[in-house]
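# Overview (structure and organization)
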Amino acid sequence: MTDGARQRSSASGSSKDAPAAEESGGGVALKKEIGLVSACGIIVGNIIGSGIFVSPKGVMENASSVGLALIVWIITGVITAIGALCYAELGVTIPKSGGDYSYVKDIFGGLAGFLRLWIAVLVIYPTNQAVIALTFSNYVLQPLFPTCFPPETGLRVLAAICLLLLTWVNCSSVRWATRVQDVFTAGKLLALALIIIMGIVQICKGEYYWLEPANAFEPFQDYDVGLIALAFLQGSFAYGGWNFLNYVTEELVDPYVNLPRAIFISIPLVTFVYVFANIAYVTAMSPQELLASNAVAVTFGEKLLGVMAWIMPISVALSTFGGVNGSLFTSSRLFFAGAREGHLPSLLAMIHVKRCTPIPALLFTCLSTLLMLCTSDMYTLINYVGFINYLFYGVTVAGQIVLRYKQPDIHRPIKISLIWPVIYLIFWAFLLIFSLYSEPIVCGIGLAIMLTGVPVYFLGVYWENKPQCINAFVNKMTYLGQKLCVVVYPAESKDSDGGEEGEEMTEARSPLSKADGDNHKSADC
């Protein structure tokens, strides 16, 4: 029995209280409602947040010239595509929701997977969602305060309203959530298309001084190897979110086809948009103007769009609203997957009996983000754990190579050449070593935050024979949560996890499943 199955059994009481496994097709399960278009919307919508509109200058100021900055955007896009290619193979070889958490856990063991989940639950997703929501509220309120900054309380209240609204949408229906994602992703792509078209118009007018080779590679500061490495690091962070579709694999329609297809469509599309949006910016602004602007797209709009300049701040607000939705949708599935494996409270692995949405996981995600809105240290926390997040990308891709040798005969619908993960790992190691060298204290604190999960793992997961009073308390809280949220464990097919795991999941039901099993058995999902 695996870590997760043992934990689920202890969390659910003795096996004699659990009902027999439900017949195939008779239970509640996550719906497969994410088609190819919505899958592309999740990837594109999560990668393209506010950054390309607000501040694409991190790459520019470290690359030291326009030409080198564009090369950095292209190379980081190619490396991201290679990483996504590796994740595509892992996603169809281990077809479980949870993304890199599930892959690391299955390949390297429960502790490694738990540490990936721990840092995501504790800091990464709550802080990222809080920052995106605050950016949304800032751009909505800014027109009301043209001569000063919006009040901090107002920003946080509006950000909280945004989070609560989108949590309600995600709890109500997977279809609603994906439609919101589709619409707002289309909106941000249209806004970026407008920027690119305006750039083409500028080039046709002869405004391409900074694109001529002699000027493009003219440094506005001395080239420095350390700064160039930092430019690549900034570029890699700008593509963050490329792996989010792997978090919802079980909700994809025909994942063996649509997962790799969505990746192959989305990553080149984002790379094209990033490169050509930056080309458009430098047709209207010098590098110095771009670096001086706090909202590059807004400055661009003021220069070229005249009375229509309001389109740009609206576009940023819409982009960030869609970004919050995409992050809530995918991160809740990560927490759902973690709970299903016994690494988080079992209540988070349950779904609504009629809506078939992971309501407890969504509420947990929303609550943790709201708590982050109450602290002023979230930006510091992001700096600390950004290194750890990037660390696990490499660990996951290395796991692909390990899996090839540990299980060479496992069915792989997609099998790429090992040269691709090797190329990715070389680039990843270069950036990781540079990060450690340039910011050892920040990286060290990030590692320390991650390692706080080790005692939690041994106390909460590895320790099987907990006192009966603890198990009784957990059962009562789980029962209460189920009653409040009207949720049960999803039924799984026996082959969903490669064998016995599906059976164990159904056997280790919660107390409420026994009492209400007959009522919920025929839920129309």
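Quick caveat, the model's predicted, so the values are computed rather than measured. (Residues numbered from 1 in each chain as written. Predicted model: local features only at pLDDT ≥ 70, side-chain atom pairs only at ≥ 80, totals over all residues. Heavy atoms only, no water.)

## Focus on the overall build of the chain
When helices and strands are tallied, the chain shows 23 helices and 2 strands. For the chain, the proportion of its 525 residues judged to be buried stands at 57%. In the chain, the proportion of contacts linking residues at least 24 apart, taken out of those at least 6 apart, comes to 83%. Summed over its atoms, the accessible surface of the chain is roughly 21600 Å², and 66% of this surface lies on carbon and sulfur atoms. (Helix = DSSP H or I, 4+ residues; strand = E, 2+ residues; numbered from the N terminus. Buried < 20%, exposed > 50% of the residue type's maximum accessible area, 1.4 Å probe, protein only. Contact = heavy atoms within 4.5 Å. Areas by Shrake-Rupley, 256 points an atom, 1.4 Å probe, with all protein chains shown as cover.)

## A word on empty space enclosed by the protein
Applying the stated criterion to the full structure yields 2 cavities of 30 Å³ or more. There is about 70 Å³ of room inside the largest cavity. Every residue lining the largest cavity is listed: T76, I79, T80, S236, W242, Y390, Y424 and F427. The greatest single-element share of the lining of the largest cavity, amounting to 3 residues, is contributed by helix α5 (residues 66-93). Residue classes in the lining of the largest cavity are distributed as 5 nonpolar, 3 polar and no charged. (1 Å grid on protein atoms, 1.4 Å probe; cavity = no way out; pocket = protein on both sides within 12 Å on 5 of 7 lines; lining within 4 Å. Points joined across faces, edges and corners; volume = space filled by probe spheres on them. Nonpolar A, V, L, I, M, F, W, Y, C, P; charged D, E, K, R; others polar.)

## Points about the side chain of N246
As for its position among the elements, N246 is in the loop between α11 (225-238) and α12 (255-284). Polar side-chain contacts of N246 include one of 3.1 Å to the backbone oxygen of Y87. Once residues within four sequence positions are removed from consideration, N246 is found in contact with Y87, G91, K96, S97, G98, G99, Y103, L259 and I263. (Polar contact = N/O pair within 3.5 Å; in protein donor to acceptor, adjacent residues only side chain to side chain.)

## As for the nonpolar core
Across soluble globular proteins, you tend to see nonpolar side chains buried next to one another. Counting residues in hydrophobic clusters, the biggest one holds 146 residues, and the most contacted among them are I195, L245 and Y424. A per-element tally of this core places α5 first, with 15 residues. Excluding residues that lie within four positions of it along the chain, L245 makes contacts with A39, I42, I43, L252, L259 and A262. (Core = buried A, V, L, I, M, F, W, Y, C linked by side-chain atoms within 4.5 Å.)

## Looking at helix α16 (residues 359-373)
Compared with an ideal rise of 1.5 Å per residue, which puts 15 residues at 21 Å, α16 spans 21 Å between its outermost C-alpha atoms and is within 8% of the ideal. Those residues of α16 that fall on the buried side of the exposure criterion are I359, P360, A361, L362, T365, C366, S368, T369, M372 and L373. (Expected span 1.5 Å × (residues − 1).)

## Things to note about the pattern of salt bridges
The tally for this structure, following the rule as stated, stands at 12 salt bridges. Taking the shortest distance from any N to any O, the salt bridge between E341 and K105 comes out at 3.5 Å. Of this pair, E341 sits in the loop between α15 (311-340) and β1 (351-352) while K105 sits in helix α6 (residues 100-108), and the two are 236 residues apart along the sequence. Residue class for E341 comes out buried when judged on its relative accessible area of 3%. In the salt-bridge network here, residues are joined through shared partners; they are K96, K105, D106 and E341. (Salt bridge = Lys/Arg side-chain N within 4 Å of Asp/Glu carboxyl O.)

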